[in-house]
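Breakdown of the fold
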Amino acid sequence: MRPPGDVAAQLADWASAYGTGGLPDAVAAAAIRCIVDASGGGLAAVDRPGGAAVRQLASTPGPCTLLGRQERLSPAAAALANAAAIHALDFDDTCYAGTLHGTVVVWPAVLASAESVEWIQVDNDVEA
(Lines give C-alpha, C1' and ligand atoms only; values in the text may rest on other atoms or scores of the structure.)
Protein backbone atom coordinates (compact mmCIF):
# COMPACT_ATOMS: atom_id res chain seq x y z
CA MET A 1 0.00 0.00 0.00
CA ARG A 2 1.16 3.54 -0.79
CA PRO A 3 1.48 6.41 1.74
CA PRO A 4 -1.96 7.54 2.94
CA GLY A 5 -1.66 11.07 1.53
CA ASP A 6 -1.01 9.92 -2.02
CA VAL A 7 -4.49 9.88 -3.58
CA ALA A 8 -3.29 8.83 -7.05
CA ALA A 9 -1.37 5.92 -5.55
CA GLN A 10 -4.37 4.84 -3.48
CA LEU A 11 -6.55 4.88 -6.58
CA ALA A 12 -3.99 2.81 -8.47
CA ASP A 13 -3.78 0.26 -5.66
CA TRP A 14 -7.56 -0.01 -5.60
CA ALA A 15 -7.83 -0.34 -9.39
CA SER A 16 -5.05 -2.93 -9.66
CA ALA A 17 -6.60 -5.03 -6.89
CA TYR A 18 -9.99 -4.80 -8.57
CA GLY A 19 -8.77 -6.06 -11.94
CA THR A 20 -11.33 -6.84 -14.59
CA GLY A 21 -12.97 -9.70 -12.67
CA GLY A 22 -15.88 -7.54 -11.54
CA LEU A 23 -16.50 -6.01 -14.95
CA PRO A 24 -18.80 -7.50 -17.53
CA ASP A 25 -16.74 -9.13 -20.30
CA ALA A 26 -18.08 -6.66 -22.87
CA VAL A 27 -16.94 -3.68 -20.76
CA ALA A 28 -13.44 -5.11 -20.20
CA ALA A 29 -13.15 -5.92 -23.92
CA ALA A 30 -14.26 -2.41 -24.91
CA ALA A 31 -11.72 -0.83 -22.53
CA ILE A 32 -8.90 -2.97 -23.92
CA ARG A 33 -9.99 -2.18 -27.47
CA CYS A 34 -9.97 1.56 -26.74
CA ILE A 35 -6.48 1.43 -25.20
CA VAL A 36 -5.09 -0.56 -28.15
CA ASP A 37 -6.89 1.73 -30.60
CA ALA A 38 -5.59 4.91 -28.96
CA SER A 39 -2.04 3.59 -28.65
CA GLY A 40 -2.02 2.50 -32.29
CA GLY A 41 -3.35 5.87 -33.43
CA GLY A 42 -0.70 7.63 -31.39
CA LEU A 43 2.07 5.46 -32.83
CA ALA A 44 0.79 6.02 -36.36
CA ALA A 45 0.81 9.79 -35.89
CA VAL A 46 3.98 10.14 -33.84
CA ASP A 47 5.76 12.23 -36.48
CA ARG A 48 2.76 14.09 -37.89
CA PRO A 49 3.12 17.90 -37.80
CA GLY A 50 0.50 18.54 -35.10
CA GLY A 51 1.90 15.98 -32.69
CA ALA A 52 5.47 17.12 -33.33
CA ALA A 53 4.55 20.76 -32.67
CA VAL A 54 2.90 19.91 -29.35
CA ARG A 55 5.83 17.68 -28.42
CA GLN A 56 8.22 20.59 -28.99
CA LEU A 57 6.10 22.90 -26.82
CA ALA A 58 5.77 20.30 -24.08
CA SER A 59 9.46 19.58 -23.76
CA THR A 60 9.86 19.37 -19.98
CA PRO A 61 12.09 16.35 -19.27
CA GLY A 62 10.83 13.63 -16.97
CA PRO A 63 10.22 9.91 -16.53
CA CYS A 64 7.24 9.41 -18.84
CA THR A 65 6.99 7.66 -22.19
CA LEU A 66 6.22 9.33 -25.47
CA LEU A 67 4.56 6.82 -27.76
CA GLY A 68 7.06 5.61 -30.35
CA ARG A 69 9.84 7.91 -29.15
CA GLN A 70 12.93 7.46 -27.00
CA GLU A 71 12.84 10.78 -25.14
CA ARG A 72 10.85 11.05 -21.93
CA LEU A 73 8.93 14.00 -20.56
CA SER A 74 7.31 15.17 -17.34
CA PRO A 75 3.91 13.57 -16.61
CA ALA A 76 1.93 16.64 -17.76
CA ALA A 77 4.06 17.13 -20.89
CA ALA A 78 3.92 13.44 -21.81
CA ALA A 79 0.15 13.29 -21.32
CA LEU A 80 -0.32 16.37 -23.51
CA ALA A 81 2.07 15.19 -26.24
CA ASN A 82 0.63 11.65 -26.31
CA ALA A 83 -2.94 12.99 -26.40
CA ALA A 84 -2.04 15.22 -29.35
CA ALA A 85 -0.45 12.29 -31.19
CA ILE A 86 -3.40 9.98 -30.44
CA HIS A 87 -5.88 12.53 -31.74
CA ALA A 88 -3.80 13.73 -34.71
CA LEU A 89 -5.26 11.28 -37.22
CA ASP A 90 -8.70 11.37 -35.55
CA PHE A 91 -9.00 7.57 -35.52
CA ASP A 92 -9.10 7.25 -31.74
CA ASP A 93 -12.13 5.53 -30.25
CA THR A 94 -13.64 4.63 -33.60
CA CYS A 95 -13.77 0.95 -32.68
CA TYR A 96 -17.18 1.17 -31.01
CA ALA A 97 -20.47 2.97 -31.46
CA GLY A 98 -19.58 5.87 -29.15
CA THR A 99 -19.63 9.48 -30.19
CA LEU A 100 -16.85 10.79 -27.98
CA HIS A 101 -13.13 10.34 -27.88
CA GLY A 102 -12.66 9.72 -24.17
CA THR A 103 -9.57 7.55 -24.46
CA VAL A 104 -7.56 10.40 -26.01
CA VAL A 105 -7.64 12.23 -22.67
CA VAL A 106 -7.87 9.38 -20.21
CA TRP A 107 -5.23 6.94 -21.53
CA PRO A 108 -2.31 9.45 -21.86
CA ALA A 109 -3.06 10.78 -18.36
CA VAL A 110 -3.25 7.27 -16.87
CA LEU A 111 -0.04 6.19 -18.60
CA ALA A 112 1.86 9.30 -17.46
CA SER A 113 0.50 9.05 -13.92
CA ALA A 114 1.45 5.41 -13.62
CA GLU A 115 4.94 5.94 -14.98
CA SER A 116 5.57 9.00 -12.85
CA VAL A 117 5.34 6.88 -9.72
CA GLU A 118 7.08 3.86 -11.26
CA TRP A 119 4.11 1.50 -11.23
CA ILE A 120 4.90 0.40 -14.74
CA GLN A 121 7.72 0.67 -17.21
CA VAL A 122 6.71 0.76 -20.85
CA ASP A 123 8.91 -0.96 -23.42
CA ASN A 124 9.47 1.91 -25.84
CA ASP A 125 11.37 -0.11 -28.44
CA VAL A 126 8.36 -0.11 -30.77
CA GLU A 127 9.03 1.72 -34.01
CA ALA A 128 6.26 3.94 -35.31
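If you're wondering where the values come from, they're calculated on a predicted model, not measured in any experiment. (Residues numbered from 1 in each chain as written. Predicted model: local features only at pLDDT ≥ 70, side-chain atom pairs only at ≥ 80, totals over all residues. Heavy atoms only, no water.)

So, on to the pairing of strand S1 (residues 61-65). Bridging between S1 and strand S2 (residues 72-73) involves three bridges; their strand directions are antiparallel. Across the sheet, residue Pro61 finds its bridge partner in S2, namely Leu73. In sequence, S1 turns back onto S2 through a hairpin of six residues, with Gly68 there showing a positive phi of about 75 degrees. (Pairing = 2+ DSSP bridges. Helix = DSSP H or I, 4+ residues; strand = E, 2+ residues; numbered from the N terminus.)

The first and last C-alpha atoms of helix H2 (residues 25-44) sit 28 Å apart over 20 residues, in line with the 28 Å expected at 1.5 Å per residue. For H2, every residue scored as buried is listed here: Ala28, Cys34, Ala38, Ser39, Gly41 and Gly42. Buried residues along H2 cover an arc of 165 degrees about the axis, so they all sit on one side. Exposed positions of H2 whose direction lies more than 90 degrees from the buried face are Asp25, Ala26, Ile32, Val36 and Ala44. Those residues of H2 that are buried lie in contact with helix H4 (75-88) and helix H5 (103-116). (Expected span 1.5 Å × (residues − 1). Buried < 20%, exposed > 50% of the residue type's maximum accessible area, 1.4 Å probe, protein only. Arc of directions from axis to C-beta. Contact = heavy atoms within 4.5 Å.)

Quick look at the packing of helix H3 (residues 49-57) against H4 now. The description of two helices packed together rests on the angle between their axes and the distance between the axes. As a packed pair, H3 and H4 sit with axes 8 Å apart at the nearest point and diverge in direction by 175 degrees. The angle between H3 and H4 places the two elements in the roughly antiparallel class. Every residue of H4 that contacts H3 at Gly51, Val54 and Arg55 is listed here: Leu80, Ala81 and Ala84. Tallied by class, residues from the contact of H3 with H4 come to four nonpolar, one polar and one charged. (Axes fitted to C-alpha atoms, helices over the stretch in contact; angles between N-to-C directions. Parallel < 35°, antiparallel > 145°, perpendicular 65-115°, else oblique. Nonpolar A, V, L, I, M, F, W, Y, C, P; charged D, E, K, R; others polar.)

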